[in-house]
Amino acid sequence: MPAVHAAAAQAAPWPIRPVRLIVVYPPGGVSDATARALAQPLAQALGVHVLVDNRAGAGGAVGIDLLARAAPDGHTLAFSAITPLTLQPLLVPGSRDLLTQVAPIVGIMHTPVLVIGTPALGTRSFTEMIAMARARPGAVRWASSGVATTGHMVLAQTRMHSGADITHVPYQGGGAQLNDALSGQFEVLSTNVAAQQLEYVAAGRLRALAVGSPARLADLHDVPTLAELGYPRANLSSLFGLFSPARTPAAVVQGLNDAVNRILGAGGLAASLRDKHVLPAGGTVAAFAQQIAADRRDNEALVRRGAALLR
């Protein structure tokens, strides 16, 4: 944008029309429900309608690409995990690298990753599982919901920092892998925390070994985080947030950041997230940008280490 246009945009009143909120996932599920739950109080804060527009595809890349092409005037936003910016460009052939073409506004939620032992695992703790994997290279099979997912990255970071040779079993989505976990088709599973998984853990059919989360979960207070176990780089959760096109005026970005932090601080949305076993985020624009940059650096380090860690 020419400097004169940027200055004009900075000085112009905002918002002057409805705001489009691109949700990079299909309708249904926690991510879509969270975006819609955010849209209503955000509309009240901004004084204009916030229109949710689901644009799913390519793991979120379709919606992020659409955002990057939008006018940077604060009237088009996107709700997305950070992985389309920090992981997919490194692992998915043909992906556009849009890290510099969007502006982070604020983190909204962390979806914790639960590391679960199945009936096939003959150990009772994460530390014992790693010891077994070191003693018997390749014998521990670890399932995730697919290549380039957060669960896969938890495994890759665990491999890097433990030196254990663990076999990756990638699935396409979560339903089949959970059924196979219950029947012991592999030893370990990394999956997003959800009510059904917690029910199986409570019933003793699956064992919670560790959680990727900024802190222990209230429903699993005896289960350590991966950071507590000595794997801070593997202590990953799926971080979701709000984005705008690059070159959106700083005052607009800060105004949106302030509005979302007030919404999270008011309690209603935050309580709804916790009910879904999701942790509210919030924080400054700079903090969200730093989290994205750190995740990108960690993923680049894995890629540099070679295909063995990412298979």
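Structure: above.
Rules of the game
- Every chain's residues receive numbers from 1 upward, in the order its sequence appears when written.
- Given that the model is predicted, a residue must reach a pLDDT of at least 70 before its local features are reported, and side-chain atom pairs must reach 80 or more before they are shown or counted; all residues, however, enter totals for whole chains, interfaces and linings.
- Processing note: side-chain calculations cover all non-hydrogen atoms of the structure and skip hydrogens and water entirely.
- A run of H or I in DSSP becomes a helix once it reaches four residues, and a run of E becomes a strand once it reaches two; helices and strands are each numbered from the N terminus.
- By definition, residues are in contact when any of their heavy atoms lie within 4.5 Å.
- Two kinds of site are reported from a 1 Å grid over the protein atoms alone, namely cavities, where a 1.4 Å probe fits but cannot get out, and pockets, open sets with protein on both sides within 12 Å along at least five of seven lines, and residues are called lining when an atom falls within 4 Å of a point.
- Grid points are joined across faces, edges and corners, and a volume is the space filled by probe spheres set on the points.
- Polar here means any residue outside two lists: the nonpolar Ala, Val, Leu, Ile, Met, Phe, Trp, Tyr, Cys and Pro, and the charged Asp, Glu, Lys and Arg; Gly therefore counts as polar.
- Salt bridges are counted wherever a side-chain nitrogen of Lys or Arg sits within 4 Å of a carboxyl oxygen of Asp or Glu.
- Buried means the residue's accessible area, taken with a 1.4 Å probe over protein chains only, is under 20% of the maximum for its type, while exposed means over 50%, and partly exposed covers the values in between.
- To be clear, the arc concerns the directions from the helix axis to the C-beta atoms.
- Whether two aromatic rings pair depends on their centres lying within 6.5 Å, for rings of Phe, Tyr and Trp, where Trp uses its six-membered ring; planes under 30 degrees apart make the pair stacked, over 60 edge-to-face, and the rest tilted.
- Nonpolar cores are built from buried Ala, Val, Leu, Ile, Met, Phe, Trp, Tyr and Cys residues. Side-chain atoms within 4.5 Å join them into one set.
- Fitted lines through C-alpha atoms give the axes, limited to the stretch in contact for helices. The angle between two N-to-C directions lies from 0 to 180 degrees.
- An angle counts as roughly parallel when it lies under 35 degrees, as roughly antiparallel when it exceeds 145, as roughly perpendicular when it falls between 65 and 115, and as oblique in every other case.
- Here the rule is simple: two strands pair whenever DSSP picks up at least two bridges between them.
- When the strands point away from the viewer, a crossover counts as right-handed if the path from the first strand over the helix to the second runs clockwise.

J.: Honestly, the side chain of D32 in this entry has me stumped. Any pointers?
T.: Tracing the backbone shows D32 in helix α2 (residues 29-46). Apart from residues no more than four positions distant in its own chain, D32 is found in contact with V23, P26, P27 and N54.

J.: For this particular structure, what's the right way to read the layout of surface pockets?
T.: Summary: where empty space remains is shown by rolling a probe the size of a single water molecule over the atoms. Its boundaries defined by the atoms lining it, the second largest pocket holds a volume of some 410 Å³. Around the second largest pocket sit 20 residues that line it, and N235, L236, S237, Q291 and D295 are the ones nearest its centre. Elements that contribute at least two residues to the lining of the second largest pocket include exactly α7 (150-162), β9 (237-245) and α12 (285-305). For the lining of the second largest pocket, the element with the highest residue contribution is α12, accounting for five residues. For the lining of the second largest pocket, the per-class residue count stands at eight nonpolar, nine polar and three charged.

J.: Got a minute to help me understand the pattern of salt bridges in this structure?
T.: Think of it this way: side chains of opposite charge can pair up when their charged atoms draw near. Applying the stated rule across the entire model yields eleven salt bridges. Where D53 meets R55, a salt bridge forms, and the shortest distance between an N and an O atom there is 3.2 Å. Since its relative accessible area comes to 18%, D53 is described here as buried. For R55, a relative accessible area of 35% corresponds to the partly exposed category. A salt bridge links R296 to D97, with the nearest nitrogen and oxygen atoms 2.6 Å apart. Taken together, the residues R296 in helix α12 and D97 in the loop between α5 (88-91) and β4 (102-117) connect sequence positions 199 residues apart. Judged by relative accessible area, D97 falls into the partly exposed class, the value being 39%.

J.: What is the right way to look at helix α9 (residues 195-202) in this model?
T.: In an α-helix, one full turn covers 3.6 residues, which means residues spaced three or four apart are oriented alike. Restricting attention to buried positions, one finds in α9 the residues Q197, L198, Y200 and V201. Each buried residue of α9 sits inside an arc of 160° when the element is viewed along its axis, so together they form one side. Opposite the packed face of α9, turned more than 90 degrees from it, sit the exposed residues E199 and A202. Note on α9: the residue one or two positions beyond its end, G204, has a positive phi of about 85°.

J.: What is the right way to read the packing of aromatic side chains from this model?
T.: The geometry of an aromatic ring pair comes down to the distance between the two centres and the angle between the two planes. Under the defined criterion, the tally for this structure stands at six aromatic pairs. Summarising the aromatic geometry, the rings of F79 and F240 are spaced 6.0 Å apart at their centres and angled 15° between planes, so their arrangement reads as stacked. Note that F79 is positioned in strand β3 (residues 76-81) and F240 in strand β9, a separation of 161 residues in sequence. Here F79 matches F240 in class, with each residue buried. Aromatic side chains Y171 and F186 sit 5.8 Å apart centroid to centroid with 70° between the ring planes, which places their arrangement in the edge-to-face category. Here F186 lies in the loop between α8 (175-182) and β7 (188-192) and Y171 lies in the loop between β6 (167-170) and α8, a separation of 15 residues in the sequence.

J.: Is there a simple way to think about unusual backbone geometry in this case?
T.: In terms of backbone geometry, most residues other than glycine have negative phi values and most peptide bonds are trans. Note the cis peptide between W14 and P15, where omega equals -10°. The topology assignment puts P15 in the loop between α1 (3-11) and β1 (19-23). At R247, a position not held by glycine, the phi torsion is positive, near 75°. Note that R247 resides in the loop between β9 and α10 (250-266). Positive phi, normally seen in glycine, also occurs at H277, with a value near 65°. In this structure, H277 sits in the loop between α11 (268-275) and β10 (279-280). According to the relative accessible area criterion, H277 is buried, its value standing at 19%.

J.: Before we go on, may I ask you to explain the nonpolar core in this structure?
T.: Among soluble globular proteins, nonpolar side chains are generally buried collectively. Core analysis: the biggest nonpolar cluster contains 46 residues, and L21, L42, L77, I108, L242, F243 and V260 have the highest contact counts within it. Broken down by element, the residue count for this core peaks at seven residues, all from α10. Residue contacts for L42: discarding those within four places in its chain leaves V50, L77, L256, A259, V260 and I263. Within the second largest apolar cluster, 27 residues are counted, among which are M129, A133, M153 and L226.

J.: Would you explain the packing of α10 against α11 in this entry?
T.: Geometrically, a packed helix pair is captured by the angle between its two axes and the distance between the axes. One can describe the packing of α10 onto α11 by two numbers: an axis separation of 4 Å at closest approach and a directional angle of 65°. Put simply, α10 runs roughly perpendicular to α11. On the side of α10, the interface is formed by I263, L264 and A266, while α11 contributes G268, L269, A270 and L273. The residue inventory of the contact of α10 with α11, partitioned by class, reads six nonpolar, one polar and no charged.

J.: I'm lost on the environment of V169 in this one. Help?
T.: Relative to the helices and strands, V169 resides in strand β6. If we skip the residues at most four places from it in the chain, V169 touches R141, W142, A143 and S144.

J.: How should the pairing of β6 be read in this particular structure?
T.: A regular strand carries its side chains on alternate faces of the sheet. Bridge analysis of strand β5 (residues 141-144) against β6 gives four bridges, and the strand direction is parallel. What sits directly across from A143, in β6, is V169. In this fold, the crossover linking β5 to β6 by way of α7 has right-handed handedness.

Any link to function would need more than the numbers given here.
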